[in-house]
Amino acid sequence: MAEIVGAYFTSHVPAIGGAIHRGDQQTPYWKPFFDGFPKVHEWLAKVKPDVAVVFSNDHGLNFFLDKMPTFAVGAAAEYRNADEGWGLPLYKPFKGHAELSWHIIEQLVDGEFDVTICQEMLVDHAISIPFELAYPEAKEWPVKLVPIGINTVQHPLPSAKRCLALGRAVHKALEGWQGDDRIVVIGTGGLSHQLDGKRAGFMNPDYDRFCLDNLASNPDALTQNSIHEIVQLAGTQGVEVLNWIAARGALGPSALEIHRNYHIPISNTAAATLLLEPA
Amino acid sequence: MATQSSSGSPPEPIPGTTLFDGEAARRGYALNAMCYSFNSKENRDSFVADEGSYMSRFNLAPEQREAVARRDVLGMIAAGGNIYYLAKLAGIFGLSVQDIGAMQTGKTVEEFKQFLLDQADEA
């Protein structure tokens, strides 16, 4: 029987990739953020996942406004990074787990989540950076990938309530999976930040703390705000917390927080790292 | 029974904030399509070689062309630009998200970086 070993959440600011590339992890600016990761490494070495179900948002690499799925599930044998517009070194490719992807897709659609099915999907820094942080020494990723994309770009966005329900439907699918995989659920992005407009640079530690304090024990609390209210509270790109909310749903009904790190600022972002285990 | 969304008045605008909604997505389509094309180095090089003809190829509206020519990020957003795509254009201009933040908020880059750091003290 498959086992869900836990959930890992972290921010995916592109600048983190630059810091890793330059080896800046121990510089005064970056150390408080990277200090959140030894515990993640220990935990992953202990629970040994071999597949990751990752909730994240595309940043104009795989999807453009011509076709913008609200929820998209990857069902590929392999996922590659590509030039995101800045000519940076490419991130390592991922092996897919197409059988599990199709199982999730079938179960989701059966549960009336009519997702977009992607047999080809480029993955951007939103997936690669959390893996670089989690497995800094890896020559190739030790887990297979099932990527689930949530539209955080083009409004109307799915509500927090709907994203939590999506996650819970993924959990149900994982519970029914007959493979013997050890599954880690991952949510990436956030927390509060805003890149655009006269309010650029906005962060909100109070709201971030509310999200972190409730994610394990009472995730429904995060669904009480509309998308408009979440933008107001978390910033235009802070809506990436939707990825965290969905991932929390996929972890299962009850959860225990085992690690948390929160640091302002990383680039323009309030950065957070969190580990939860099923309880 | 009326739903909340149809019976309630539209939510209050958030100061200094544009939600990238359908109206913006329609208005900004050409500009965002051009920015999306910058995932290719060949396209970035073509833009740098001749900005004007590259913008013509994507049928940018006059206000979009002017905002790009002026490196006016707020103008690009007003013309329907979305920051996820505009970030690729900013990369061509060598602008970081702190540079863009400073431009939009009327701060110097140092002031904007300090503004970010100061929020740590309030956390």
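If you're wondering where the values come from, they're calculated on a predicted model, not measured in any experiment. (Residues numbered from 1 in each chain as written. Chains lettered and ligands numbered in written order. Predicted model: local features only at pLDDT ≥ 70, side-chain atom pairs only at ≥ 80, totals over all residues.)

Observations regarding the overall build of chain B
Right, so step 1: Within chain B, the regular secondary structure consists of ten helices and zero strands.
Right, so step 2: When the helices and strands of chain B are listed from N to C terminus, the series reads α-α-α-α-α-α-α-α-α-α.
Right, so step 3: On the principal axes, the C-alpha backbone points of chain B span a range of 55 × 45 × 25 Å.
Right, so step 4: Counting across all 123 residues of chain B, residues that qualify as buried make up 37%.
Right, so step 5: Sequence-distant contacts, at least 24 apart, represent 57% of the contacts inside chain B between residues at least 6 apart. (Helix = DSSP H or I, 4+ residues; strand = E, 2+ residues; numbered from the N terminus. Buried ≥ 20, exposed ≤ 12 C-beta atoms within 10 Å, placed from the backbone. Contact = placed C-beta atoms within 7 Å.)

Concerning the packing of helix H3 (residues 29-37) of chain B against helix H8 (residues 83-92) of chain B
Residues and elements named next belong to chain B.
Right, so step 1: For the pair H3 and H8, the least separation of the axes is 8 Å and the interaxial angle reads 55°. When the interaxial angle is binned, H3 and H8 end up oblique. In this structure, H3 crosses over H8, and the sense of that crossing is left-handed. Across the interface between the two elements, Asn32, Cys35 and Tyr36 of H3 pack against Tyr85, Leu86, Lys88 and Leu89 of H8.
Right, so step 2: Its residues assigned to classes, the contact of H3 with H8 shows five nonpolar, one polar and one charged. (Axes fitted to C-alpha atoms, helices over the stretch in contact; angles between N-to-C directions. Parallel < 35°, antiparallel > 145°, perpendicular 65-115°, else oblique. Left-handed = near helix turned anticlockwise from the far one by under 90°. Nonpolar A, V, L, I, M, F, W, Y, C, P; charged D, E, K, R; others polar.)

Details of the interface of chain A and chain B
The extent of an interface is frequently quoted as the accessible surface area lost upon association of the parts.
Right, so step 1: Facing the 31 residues of chain A at the interface are 38 residues of chain B.
Right, so step 2: Among the elements of the structure, helix H8 (227-234) and strand E9 (255-266) of chain A are those that each provide at least two residues to the side of chain A that touches chain B.
Right, so step 3: When residues of the side of chain A that touches chain B are assigned to their parent elements, the largest contribution, three residues, is made by H8 of chain A.

Overview of helix H9 (residues 241-251) of chain A
Residues and elements named next belong to chain A.
Right, so step 1: By the criterion of burial, H9 is predominantly enclosed, with eleven of the eleven residues buried.
Right, so step 2: When we look at burial in H9, the residues that qualify are Val241, Leu242, Asn243, Trp244, Ile245, Ala246, Ala247, Arg248, Gly249, Ala250 and Leu251.
Right, so step 3: Looking at the residues trailing H9, positive phi occurs at glycine 252, about 130°.

As for the domain arrangement of chain B
Right, so step 1: Partitioning chain B into domains gives domain 1 (20-92) and domain 2 (95-123).
Right, so step 2: A separation of 23 Å is found between the C-alpha centroids of domain 1 of chain B and domain 2 of chain B. (Domains from an automatic or database assignment.)

A closer look at the sheet that holds strand E10 (residues 269-278) of chain A
Residues and elements named next belong to chain A.
Right, so step 1: Here eight strands make up an open sheet; going across it, the order is E6-E3-E7-E2-E8-E1-E10-E9 and the pairing mixed. Edge strands, defined here as strands with exactly one partner in the open sheet, are strand E6 (116-118) and E9. Here the strands of the sheet are splayed against their neighbours by 15° on average, with no regard to which way each runs.
Right, so step 2: The pairing of strand E1 (residues 3-10) with E10 spans four bridges and is antiparallel. Paired with threonine 10 across the strands is threonine 273, a residue of E10.
Right, so step 3: Against the sheet, helix H5 (residues 125-134) contacts E1, strand E2 (51-56), strand E7 (144-150) and strand E8 (182-188), and its axis sits at roughly 120° relative to E8. (Pairing = 2+ DSSP bridges.)

Description of the nonpolar core
Right, so step 1: Formed by 83 residues in total, the largest nonpolar core has its most connected members in Val170, Val185, Ala246 and Ala247 of chain A.
Right, so step 2: Alanine 246 of chain A has contacts with Phe55, Ile150, Cys163, Leu164, Leu166, Gly167 and Gly187 of chain A, leaving out every residue within four places of it along the chain.
Right, so step 3: Grouped together as the second largest cluster of nonpolar side chains are 29 residues, Val153 of chain A together with Phe38, Met76 and Ile100 of chain B included. (Core = buried A, V, L, I, M, F, W, Y, C linked by C-beta atoms within 7 Å.)

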